[in-house]
Amino acid sequence: MKMNYETERLLMKILPDTAAGQTLQFYQDNREVFEQYEADRSQNFYTLSYQKALLHCEYNLAIKQSAARFWVYEKTCPERIIGTVSLQDIRRGFYQSCGLGYKFDQRVWRRGYAKESIAQCIWIAFREMNLHRIEAQTLPENEASRKLLEGLGFAWEGTKRQGVKLHGTWRDHEVYALLAEEANLLLGWL
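Residues numbered from 1 in each chain as written. Predicted model: local features only at pLDDT ≥ 70, side-chain atom pairs only at ≥ 80, totals over all residues. Heavy atoms only, no water.

Caption draft 1: A look at the pairing of strand 2 (residues 10-13). Bridge analysis of strand 1 (residues 4-6) against strand 2 gives 3 bridges, and the strand direction is antiparallel. Its bridge partner being in strand 2, Asn4 is matched across the sheet by Lys13. Counting the residues that bridge the hairpin from strand 1 to strand 2 gives 3 residues. As defined by bridge partners, strand 2 adjoins strand 3 (residues 68-74) across 4 bridges and the pair is classed as antiparallel. Bridged to Met12 within strand 3 is Val72. (Pairing = 2+ DSSP bridges. Helix = DSSP H or I, 4+ residues; strand = E, 2+ residues; numbered from the N terminus.)

Caption draft 2: Representation of the nonpolar core within the structure. Ranked by size, the top nonpolar core spans 36 residues in total, and within it Phe70, Leu87, Leu100, Ile122, Phe126, Ile134 and Phe154 carry the most contacts. The element contributing the most residues to this core is helix 4 (residues 113-128), with 8 residues. One finds Phe26, Phe45, Tyr46 and Ile81 within the second-largest nonpolar core, a separate group that totals 15 residues. (Core = buried A, V, L, I, M, F, W, Y, C linked by side-chain atoms within 4.5 Å. Buried < 20%, exposed > 50% of the residue type's maximum accessible area, 1.4 Å probe, protein only.)

Caption draft 3: View of the packing of aromatic side chains. Scanning the model with the defined rule gives 9 aromatic pairs in all. Ring geometry for Phe45 and Tyr50: centres 5.3 Å apart, planes at 55 degrees, overall tilted. Classification of Phe45 as buried rests on a relative accessible area of 5%. On the basis of relative accessibility, which here comes to 31%, the residue Tyr50 falls in the partly exposed class. Pairwise contacts between aromatic rings join Phe26, Tyr27, Phe34, Phe45, Tyr46, Tyr50 and Trp71 into one cluster. One Lys or Arg, Arg91, reaches over the ring of Tyr95 and ends 3.7 Å from the middle of that ring. (Phe/Tyr/Trp six-rings, centres within 6.5 Å; stacked < 30°, edge-to-face > 60°. Lys NZ or Arg CZ within 6 Å of the ring centre and 35° of its normal.)

Caption draft 4: Spatial organisation of unusual backbone geometry. Non-glycine residue Arg110 carries a positive phi angle of around 65 degrees. For Arg110, the location among the structural elements is in the loop between strand 5 (97-104) and helix 4. A positive phi angle, close to 55 degrees, is found at Asn130, a residue other than glycine. Turning to its location among the elements, Asn130 is positioned in the loop between helix 4 and strand 6 (133-138). Asn130 gets classed as exposed once you look at its relative accessible area, which sits at 52%.

Caption draft 5: Highlighting the pattern of salt bridges. Under the counting rule described, the total for this entry stands at 15 salt bridges. A salt bridge links Arg9 to Glu116; its shortest N-O distance comes to 2.6 Å. On the criterion of sequence distance, the pair formed by Arg9 in the loop between strand 1 and strand 2 and Glu116 in helix 4 is long-range, its members being 107 residues apart. Asp29 is the partner of Arg107 in a salt bridge, and the nearest nitrogen-oxygen pair spans 3.0 Å. Here Asp29 lies in helix 1 (residues 20-29) and Arg107 lies in the loop between strand 5 and helix 4, a separation of 78 residues in the sequence. Arg107 sits in the partly exposed class, given a relative accessible area of 46%. For Asp29, a relative accessible area of 30% translates into the label partly exposed. Three or more residues joined by partner-sharing salt bridges are found here, namely Asp29, Glu74, Arg80, Asp105, Arg107 and Arg111. (Salt bridge = Lys/Arg side-chain N within 4 Å of Asp/Glu carboxyl O.)

Put into structure tokens, the structure is as follows:
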């Protein structure tokens, strides 16, 4: 796995801690939207020092290939983060699997950037890291996320009952998965 990738329209980078100002701006710009779908965060999450420590940790996890968070930029505007796509909880041995996470700046929704960058992550997971399975979860009411996953070939597997506590309430999540051989057929990697 490399630290930087390019797609047709995007740059995807694992960032060093010196980019904390950019990640902080991304989270601040989208705080209201992101917090609807994520667990409560402490106030220090929205500080430069917290973002710097987080990036440092994520960089080290990427070196170990335990996780990989790619920060996404438009090629035409390489100084502003527009999203992030991550391969989380990378498990080797009998599992050869990982989780998928993603979020994008609300100002760039419906441009296909999430699909383009997730497709690149699928390629990295299956072709470079030789994983077998990618799992993604979404809230049942998040129709856009469900359609995105289905459009990339992920199959619905069921409901994870009360799997995540959001804003004081245990919430169900829909579980989707994509297998390497399915991605080869769907994305034409034969």
